[in-house]
Amino acid sequence: MTTKANNQRCAVCGGELQATTITHEEKRDSHIYLFQNVPAKVCTACGEIWMDEEVLQQIDKLIEYGVPVRKVETPVYDFPRAVAPAH
Ligand SMILES: [Zn+2]
């Protein structure tokens, strides 16, 4: 996922960008923060998601000062242990 916004063209493939809203996932240390209905632009050709610098700054502020609407529990798996249980 790329987070640098560019005019109206995809900087990866030059495809056309379409304004939409996405669910954005931001990881900080061991915490995961979810943001719903975030304004973003999606490339109609390659599917790359682009977000404005301004939106990213607002997300930074929300992580520090924002009040979440709800919290979810996130299941965590240790992959090697999960696929091959200890005998
Ligand atoms: Zn593209």
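Procedures and definitions
- Along every chain, residues carry numbers that run from 1 in the direction the sequence is written.
- For a predicted model such as this one, the threshold for reporting local features is a pLDDT of at least 70, and the threshold for listing and counting side-chain atom pairs is 80 or more; totals across whole chains, interfaces and linings nevertheless cover every residue.
- Only heavy atoms go into the side-chain values, all of them from the structure, while hydrogens and water stay out.
- Donors, by definition, are the N, O and S atoms found within 2.8 Å of a metal, the threshold being 3.2 Å for Na, K and Ca, and water is not counted, so a site can look incomplete.
- Only two sets of limits are used to name each site, 85 to 135 degrees for every angle of a tetrahedral four-donor site, and over 155 degrees for opposite donors with all other angles from 65 to 115 for a square planar four-donor or octahedral six-donor site, with any other site named irregular.
- Relative accessibility thresholds used throughout: buried, under 20% of the residue-type maximum; exposed, over 50%; partly exposed, between the two (1.4 Å probe, protein chains only).
- Note: two strands are recorded as paired if DSSP finds a minimum of 2 bridges between them.
- A run of DSSP states H or I qualifies as a helix once it reaches four residues; a run of E qualifies as a strand once it reaches two. Both are numbered from the N-terminal end.
- Any pair of residues with heavy atoms lying within 4.5 Å of one another is described as a contacting pair.
- Where helices are involved, their axes are fitted lines through C-alpha atoms of the stretch in contact, as for all axes, and angles between N-to-C directions lie from 0 to 180°.

Once that is clear, we can look at the coordination of the zinc ion. Binding of the zinc ion to the protein goes through Cys10 (SG), Cys13 (SG), Cys43 (SG) and Cys46 (SG), at separations of 2.2 to 2.4 Å. What the 4 donor atoms of the zinc ion show is an angle range of 102 to 116° at the metal, which sorts the shape as tetrahedral. Sequence spacing among the residues donating to the zinc ion works out to C-x2-C-x29-C-x2-C. Given the relative accessible area of 41%, Cys13 is considered partly exposed.

On to the sheet that holds strand E3 (residues 49–50), then. Each strand in a sheet pairs with its neighbour through backbone hydrogen bonds, running either in the same direction (parallel) or in the opposite one (antiparallel). Spatial ordering of the open sheet is given by E1-E2-E3, a layout of 3 strands whose pairing is antiparallel. Strand pairing shows two members of the sheet lacking a second neighbour, strand E1 (17–28) and E3, which therefore form its edges. Here E1 pairs with strand E2 (residues 31–43) via 11 bridges, running antiparallel. Considered in E2, the bridge of Lys27 is made with Ile32. In the packing of helix H1 (residues 53–65) onto the sheet, the strands contacted are E1 and E2, and the crossing angle to E2 comes to about 165°.

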